[in-house]
Amino acid sequence: MNWAIGALGALLVAGAAYWKRSLSLSGAAAAILMGTVYYGAGNVFWFGTLLLFFISSSLLSKLGKRRKADLELSYAKTGRRDAGQVFANGGIGMLLVLLHAAYPAEAWALLFLGVMATVTADTWATELGSLSRRPPRSVLTGKRLPPGTSGGVSWLGSAAAAAGGLLIGAGGWLLAQGAGLEADGLAYSAAGLVGGLSGAFADSFLGVTVQRMNRCRVCGRLVEVGEHCGQPASRAGGFAWMSNDLVNLSSSLIGGAAAWLTAALL
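The sections below set out a description of the structure shown in this document. Treat the numbers as computed from the prediction; the structure is a model and nothing was measured.

## Description of the overall build of the chain
Move 1: From N to C terminus, the chain includes nine helices and seven strands.
Move 2: At 18 Å, the chain has a C-alpha radius of gyration in line with the 18 Å of a compact globule built from 266 residues.
Move 3: With the C-alpha coordinates aligned to their principal axes, the bounding extent of the chain is approximately 55 × 40 × 30 Å.
Move 4: Per-residue burial for the chain yields a buried fraction of 49% across its 266 residues.
Move 5: Long-range contacts, defined here as pairs at least 24 residues apart, represent 71% of the contacts in the chain between residues at least 6 apart.
Move 6: Carbon and sulfur atoms make up 67% of the accessible area of the chain, which totals about 12,500 Å².
Move 7: Of the side chains in the chain, 20 bear a positive and 12 a negative charge, and the two mean positions are spaced by 13 Å.

Quick look at the structure:
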C-alpha cells in the first residue's frame with residue numbers, strides 16, 4: 001500500500017511541477033520514480049522532507065525571474081530541472097532510504113537530513129543570492145566577482161542557505177514525529193543548519209576549484225555551459241569530467257557527514 005500511495009503522490013506532485021514548467025519531461029519521470037521509493041521504502045519523514053526541498057526551491061526559482069534570466073544563461077542548470085539534476089539532488093537520499101529500509105538506524109536519517117539540507121541551502125543561496133544588490137565575493141580570495149560566477153558568495157545568499165538548512169532540520173524533526181520516529185528537535189535542527197551551510201559552502205569551493213568552467217568567446221564571462229552568446233565557449237579551468245551534477249553530489253556527501261557529526265556531538 002505504501003508503494004501505491006508513494007506512486008500516486010509522486011505522480012500528482014511531478015505532474016503539477018511539469019505543468020508549471022519546474023520539471024522537464026525527464027525530470028518529471030525521475031521525480032515520480034524517486035517519490036515512489038521515498039514513500040514506499042520509507043514513510044512521511046523521507047517523502048515529506050523531499051517535498052519541503054522541492055516545493056520551496058521551485059517557488060523561489062520563480063522569484064525575480066526577470067532579473068535572473070541573464071544569469072541563468074551562464075548556469076549548467078536552470079529553474080526547470082531535468083532528470084540529471086533531480087537525481088543529483090535526491091539520488092543519494094533515495095539510496096539512504098533503501099539502506100534504512102534494509103538496515104534500520106537513525107544514522108541513515110541524519111545523513112539524509114544533511115543531504116537534503118545541502119541541496120536546499122545551495123538552491124536557496126543561488127535563488128536569493130542572485131537577487132542581492134551587492135556583488136558576490138570569491139569563497140577563496142574574498143575578491144568581488146560578477147553576479148552568477150561560480151564560487152561567489154554573498155551575505156544574502158549565505159543567510160538564505162542557513163534558512164534553507166534550518167527549514168529542513170526543523171521540518172524533518174516535525175515529520176519524524178508524524179512518522180512515529182524518535183528524534184531530538186535540537187539535534188535535528190542543528191544538523192540541518194550545519195549540514196546545509198557546510199554543503200553549500202563546499203559546493204561553492206568545489207565550483208571554483210575543480211568544476212569545469214568555460215569562458216565565453218564573445219563577452220568573456222566565466223560560465224558553466226558549453227555555449228554562450230550564441231557561440232561555443234572555450235574551456236577555462238577545472239577538470240573536464242567534473243560537471244555541476246558531480247559537484248552537487250560531492251557537496252551533498254559533505255553536508256550529510258556534517259549533519260551526522262553535529263547530531264552525534266549534541
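## What to know about the packing of helix 2 (residues 25-42) against helix 3 (residues 44-61)
Move 1: Helix 3 packs onto helix 2 with a crossing angle of 150 degrees between their chain directions and a minimal axis gap of 7 Å. For the element pair helix 2 / helix 3, the angle class is roughly antiparallel. Across the interface between the two elements, Met34, Gly35, Tyr38, Tyr39 and Gly42 from helix 2 touch Val44, Trp46, Phe47 and Leu50 from helix 3.
Move 2: When the residues that make up the contact of helix 2 with helix 3 are grouped by side-chain class, the tally is seven nonpolar, two polar and no charged.

## Side note on the environment of Leu12
Move 1: Topologically, Leu12 is positioned in helix 1 (residues 2-19).
Move 2: The exposed category is assigned to Leu12, whose relative accessible area is 58%.

## Concerning helix 8 (residues 185-209)
Think of an α-helix as 3.6 residues a turn; residues three or four steps apart then line up on the same face.
Move 1: The first and last C-alpha atoms of helix 8 sit 36 Å apart over 25 residues, in line with the 36 Å expected at 1.5 Å per residue.
Move 2: Where helix 8 begins, the capping side chain belongs to Asp184, and its oxygen is found 3.2 Å from the backbone nitrogen of Leu186.

## Notes on the packing of aromatic side chains
Move 1: Going through the model one piece at a time under the given rule, you end up with seven aromatic pairs.
Move 2: On the basis of an interplanar angle of 90 degrees and a centroid distance of 5.8 Å, the ring pair of Tyr39 and Phe47 is categorised as edge-to-face.
Move 3: Ring plane angle 70 degrees and centroid distance 5.8 Å describe the contact between Phe45 and Phe112, whose orientation is recorded as edge-to-face. Of the two residues, Phe45 sits in helix 3 while Phe112 sits in helix 6 (residues 106-129), which places them 67 residues apart along the sequence. Each of the two residues, Phe45 as well as Phe112, counts as buried.
Move 4: Site record: aromatic cluster; members linked through ring pairs are Tyr38, Phe45, Trp46, Phe112 and Tyr188.

## Things to note about a nonpolar patch on the surface
Move 1: A contiguous nonpolar patch, built from Leu140, Phe205 and Val208 and spanning about 240 Å² of accessible area, is present on the exposed surface.
Move 2: With respect to the helices, strands and loops of the structure, Val208 is situated in helix 8.
Move 3: When its relative accessible area of 33% is taken as the criterion, Val208 is described as partly exposed.

## Overview of helix 3
Move 1: Its 18 residues give helix 3 an end-to-end C-alpha distance of 25 Å, which sits within 8% of 26 Å, the value for a rise of 1.5 Å per residue.
Move 2: Within helix 3, 13 of the 18 residues are buried, which leaves the element mostly enclosed by the surrounding structure.
Move 3: Where helix 3 begins, one side-chain oxygen reaches toward the backbone nitrogen of Phe45, 2.9 Å away; that side chain belongs to Asn43.

The rules behind these values
- Residues numbered from 1 in each chain as written.
- Predicted model: local features only at pLDDT ≥ 70, side-chain atom pairs only at ≥ 80, totals over all residues.
- Heavy atoms only, no water.
- Helix = DSSP H or I, 4+ residues; strand = E, 2+ residues; numbered from the N terminus.
- Rg over C-alpha atoms; globule rule 2.2 N^0.38 Å.
- Buried < 20%, exposed > 50% of the residue type's maximum accessible area, 1.4 Å probe, protein only.
- Contact = heavy atoms within 4.5 Å.
- Areas by Shrake-Rupley, 256 points an atom, 1.4 Å probe, with all protein chains shown as cover.
- Lys, Arg positive; Asp, Glu negative; His and termini not counted.
- Charge placed at Lys NZ, Arg CZ, Asp CG, Glu CD.
- Axes fitted to C-alpha atoms, helices over the stretch in contact; angles between N-to-C directions.
- Parallel < 35°, antiparallel > 145°, perpendicular 65-115°, else oblique.
- Nonpolar A, V, L, I, M, F, W, Y, C, P; charged D, E, K, R; others polar.
- Expected span 1.5 Å × (residues − 1).
- Polar contact = N/O pair within 3.5 Å; in protein donor to acceptor, adjacent residues only side chain to side chain.
- Phe/Tyr/Trp six-rings, centres within 6.5 Å; stacked < 30°, edge-to-face > 60°.
- Patch = residues over 30% accessible without salt bridge, like charges linked within 9 Å, V, L, I, M, F, W, Y side chains within 5 Å.
- Salt bridge = Lys/Arg side-chain N within 4 Å of Asp/Glu carboxyl O.

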